[in-house]
Amino acid sequence: MLGKSLLGAIAVTAALWMAADAAAADDSKYPNLKGQWVRARIPVPGGGQAPFDPTKPVGRGQQAPLTPEYQKIFEANLAEQATGGQGNWQGGRCLPVGMPGVMNLYRAMEIVVTPETTYFLIDHIRGSSRRIYTDGRDWPKLIEPGFDGYSIGKWIDEDGDGKYDVLEIETRALRLPRAYDPSGLPFHADGKTVVKERMYLDKTKPDTLYNEMTVIDNALTRPWSVKKTYSREGGAQPTWIEDVCAEGQALITVGKEEYFLSGDGYLMPSKKDQGPPNLKYFRQP
């Protein structure tokens, strides 16, 4: 009996070793994406928060190929922002930025690669966990829309050296409301946005990651393509900052209006000539 138990233990140990060796061999097929990725420190043309296209100024300077209908919506959004409002940008309301805006990287990103799923972890407003399914699945017939959408990816070995070079991703089922960036560039109200990404490391600078992104949306006259650049920073043990939007939030939404909470705890207008909220459910003095 002892001999059989010993043989069984040896067999189990050998199986575990083989599984570990297989996992290590499998890991070697993928590019090294470990560490902390941040938006490349490229000055934003004209200043302001990072836009969707990092090579162009924010707002109208993005030259987004919007249809006339959605250009009018964008202009109305800019007019509201000019008075102090948030416009179409939902980040100030503590709603998730969603795709593709979350990939502007207003906070750092961690990439975790497994054979079945690649995870993009971005702690901005709330913990965003993009799941990129690379297990060969087809698109489900029914998908519950989400701010980060549903993503299917494919690893590609472009140079035929037995290692993957590129991750291609397609994302669908994106929930509204969303905008491309803080300027409030809008998406079509039909919710049929498709985002395609092509991600790869620079061949000579392994701490530089590129994301070639194309958005297909019915508010656009044509697909809109941009190239984003991310840098690996923070060393072997980076510091990860927790982002809790509700903590210290001074923007208060009442109905369709946003107000600011003053330091002494009273509501203040956020826009010029803004009236107070309706107090019909409160006893009037």
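Before any of the text, the structure's been laid out above.
The residue count restarts for each chain, going from 1 along the sequence in the order it is written. Only residues with pLDDT of at least 70 are given local features in this predicted model, and only at 80 or more are side-chain atom pairs given and counted; all residues enter the totals for whole chains, interfaces and linings. Side-chain descriptors were evaluated using all non-hydrogen atoms of the structure, hydrogens and water having been removed beforehand.

Chemist: Whenever I open this one, the pattern of salt bridges confuses me. Can you help?
Modeler: Two side chains carrying opposite charge are able to pair once their charged atoms lie near each other. Should a side-chain nitrogen of Lys or Arg be within 4 Å of a carboxyl oxygen of Asp or Glu, the pair is scored as a salt bridge. Inspection of every chain in the model, using the stated rule, returns 12 salt bridges. Note that Glu233 and Arg41 form a salt bridge whose closest N and O atoms lie 2.8 Å from each other. Placement of the pair is Glu233 in strand S9 (residues 224–233) and Arg41 in the loop between strand S1 (36–39) and helix H2 (68–82), with a sequence separation of 192 residues. Note that Asp207 and Arg232 form a salt bridge whose closest N and O atoms lie 2.9 Å from each other. Here Asp207, found in the loop between strand S7 (194–201) and strand S8 (208–216), pairs with Arg232, found in strand S9; they are 25 residues apart in sequence, far enough to count as distant. Numbered from the N terminus, helices here are DSSP runs of H or I no shorter than four residues, and strands are runs of E no shorter than two.

Chemist: In this structure, what is going on with the pairing of strand S10 (residues 251–254)? I would like to understand it.
Modeler: Each regular strand carries side chains that alternate between the two faces of the sheet. Pairing between two strands requires that DSSP report at least two bridges joining them. Pairing analysis gives 4 bridges linking S10 to strand S11 (residues 257–261), with the strands arranged antiparallel. Residue pairing for S11: Val254 is matched across the bridge by Glu257.

Chemist: Whenever I open this one, the sheet that holds strand S12 (residues 267–269) confuses me. Can you help?
Modeler: The strands making up a sheet associate through backbone hydrogen bonding, with each pair oriented either parallel or antiparallel. Taken in spatial order, the 3 strands make up an open sheet running S10-S11-S12, and their pairing is antiparallel. Both outer strands of the open sheet, S10 and S12, are each paired with one neighbouring strand and no more. Within the sheet, the average angular offset between the axes of one strand and its neighbour, ignoring direction, is 45°. Every angle, taken between N-to-C directions, lies between 0 and 180 degrees, and every axis is a line fitted to C-alpha atoms, over only the stretch in contact when it is a helix.

Geometry only, nothing functional implied.
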